[in-house]
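# A closer look at the structure
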Amino acid sequence: MKKLVYLLIIPLTLFSAKAQTTAEITPENTLISTNNDDRKLLNNDADDLPWHARRFKVTAGAFFPVNNTQIQVGRNNGQQGTEIDLEDDLGFSKSSTSFLGTFDWRISRRSRLGAEYFVLNRNSSKTLQKEITFGDNTYNINTRVSAFFDVQIARVAYGYAILSKPKYEAGLLIGAHVLFADLGLRVEANQAQAEVRDNFAFTAPLPDVGIWGEFVLGKRFGLYANANYLALQIDNIDGRIVSYNLSLLYNVHENFSLTAGYTGLNFKIDAVEDRLNGFLKWGYNGPTISAAYTFGNHVKLYRH
């Protein structure tokens, strides 16, 4: 009988000890452990995505825009210039190739500063099919003329992330495009006894505001998008700007990536200079291909 009692007491004692140990693992302790694991996982995202959320990023590549350009240049004494379609009236090619470069600095988790530079030089030669008044001169029908349109665009923008998560960010942009433009027209040498030429150069700063978003699609893929707009008059420049960009990133190796995207920019500008006044309406849209290199420490992106 005593042996039977001992056999019953020993299992009950072991069961009691195990129950006490289980009871000490409270839901609260489990939650703390889960949160710590989650935070550790978020910190490890930087190792899994070496290209994402780095302090600095530099890109350089090619842009293949399709252009649509109208200009008009007259004199400030009231002489009106002819509205000219560069592609149809002066023989400019609609398609072109240009250089595009950007630099991004992630100041903090939510703040970033970006700079862009774009250059496009175009020229043409054509026998006029209509009479054109440009600047100080009038160019007659059947006159052989050469024309050029050289543009540089610099942009600086500050972005603030309203949403800041490890795998996606979105926020507001405020910045300015600065357009450096020079366009000219001249009669080719064998068409006139004396040289006849005109050119109109101006600089137009155009502030803009917009929205942006950046998304991690996978270990090697990312997506970036932005859109900007503003219409404003500053001194002798009255302008409107609409721009957008969508680009897909593929991480080749560690901090080096390739991007392919589609970019559009549309200007409408009225400018008054010393003797001349000009109107420019220019839109270009097309694909971009570039290489991106990221460096510096990772910016910590935590889920809250």
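Definitions and cut-offs
- The residue count restarts for each chain, going from 1 along the sequence in the order it is written.
- In keeping with the model being predicted, local features are shown solely for residues with a pLDDT of at least 70 and side-chain atom pairs are shown and tallied solely at 80 or more, while totals for entire chains, interfaces and linings include all residues.
- Hydrogens are left out, water is left out, and the side-chain values use all remaining heavy atoms of the structure.
- The secondary structure listing takes helices from DSSP runs of H or I that are at least 4 residues long and strands from runs of E that are at least 2 residues long, numbered from the N terminus.
- Remark: exposure states derive from per-residue accessible area (1.4 Å probe, protein chains only) relative to the maximum for the residue type, with buried under 20%, exposed over 50%, and partly exposed in between.
- A contact between two residues is defined here by any heavy atoms of the two lying within 4.5 Å.
- Per-residue accessibility takes into account occlusion by the displayed protein chains alone, with areas from the Shrake-Rupley method and a 1.4 Å probe.
- Across the chain, each position has a pLDDT score giving the predictor's confidence in that residue, from 0 to 100.
- The pairing criterion for strands is at least two bridges between them, as found by DSSP.
- Note on aromatic contacts: the rings of Phe and Tyr and the six-membered ring of Trp form a pair at centre separations within 6.5 Å, being stacked when their planes are under 30 degrees apart, edge-to-face when over 60 apart, and tilted otherwise.
- Counted as over-ring charges are cases with an Arg CZ or a Lys NZ within 6 Å of the ring centre that also lie within 35 degrees of the ring normal.
- Joining through side-chain atoms within 4.5 Å is the link that ties buried Ala, Val, Leu, Ile, Met, Phe, Trp, Tyr and Cys residues into a set, and such a set is a nonpolar core.
- When a carboxyl oxygen of Asp or Glu lies within 4 Å of a side-chain nitrogen of Lys or Arg, that pair is called a salt bridge.

When helices and strands are counted, the protein chain shows 3 helices and 14 strands. Buried positions account for 38% of the 304 residues belonging to the protein chain. Within the protein chain, counting contacts between residues at least 6 apart in sequence, those at least 24 apart form 68% of the total. Here the protein chain has roughly 16,900 Å² of accessible surface; of this, 58% comes from carbon and sulfur atoms.

To continue, consider the confidence of the model for the protein chain. For the protein chain, the mean per-residue pLDDT works out to 84, and 81% of the residues sit at or above 70. This model gives residues 1-44 a pLDDT under 50, and the stretch forms 10 contacts once residues within four places in sequence are excluded.

This paragraph deals with the pairing of strand β10 (residues 197-216). Sheet analysis places strand β9 (residues 168-187) next to β10, joined by 19 bridges and oriented antiparallel. Considered in β10, the bridge of Gly171 is made with Trp212. Bridge count for β10 against strand β11 (residues 221-234) is 8 bridges, and the pairing is antiparallel. When the sheet's bridge partners are listed, Trp212 is paired in β11 with Asn226. From the end of β10 to the start of β11, which pair antiparallel, there are 4 residues.

Turning our attention to the environment of Tyr250. Following the sequence through the fold, Tyr250 ends up in strand β12 (residues 237-253). Residue classification places Tyr250 among the partly exposed residues on the basis of a relative accessible area of 36%. Spatially, the C-alpha atom of Tyr250 lies 6.7 Å from that of Gly222, the residues being 28 residues apart in sequence. Look past the residues within four positions of Tyr250 in its chain and what remains in contact with it is Arg220, Phe221, Ser257 and Leu258.

This paragraph deals with the packing of aromatic side chains. Applying the stated criterion across every chain, the model contains 11 aromatic pairs. Both rings, one in Phe221 and one in Tyr250, keep their centres 5.2 Å apart while their planes meet at 50°; by these two values the pair is tilted. In this pair, Phe221 sits in strand β11 while Tyr250 sits in strand β12, placing the two residues 29 residues apart along the sequence. Judged by its relative accessible area of 38%, Phe221 falls in the partly exposed class. In this structure, Arg112 packs its charged tip against the face of Trp212, placed 4.1 Å from the ring centre.

In this section: the nonpolar core. For soluble globular proteins, the rule of thumb is that nonpolar side chains tend to be buried together. Leu90, Leu179 and Trp282 are the most contacted members of the largest nonpolar core, which totals 37 residues. Aside from chain neighbours lying at most four places away, what touches Leu90 is Ile84, Asp85, Ser124, Ser125, Lys126, Leu128, Ile132, Val145, Ala147 and Leu185.

Right, let's get into unusual backbone geometry. Positive phi is not limited to glycine here, since Asn142 has a value of about 70°. Here Asn142 is to be found in the loop between β7 (137-139) and β8 (144-164). Looking at Asn142, the relative accessible area reads 57%, which means it is exposed.

What the rule picks out here adds up to 9 salt bridges. Across the pair Glu169 and Arg112 runs a salt bridge whose closest N-O atoms are separated by 3.6 Å. Here Glu169 is found in strand β9, whereas its partner Arg112 is found in strand β5 (residues 111-127), with 57 residues between them in sequence. The buried category is assigned to Glu169, whose relative accessible area is 1%. For Arg155, the salt bridge identified is with Glu116, shortest N-O distance 3.6 Å. Highlighted residues: Arg155 in strand β8 and Glu116 in strand β5, separated in sequence by 39 residues. On the basis of relative accessibility, which here comes to 33%, the residue Glu116 falls in the partly exposed class. Among the charged side chains, a salt-bridge network with shared partners connects Arg106, Arg112, Glu169 and Glu214.

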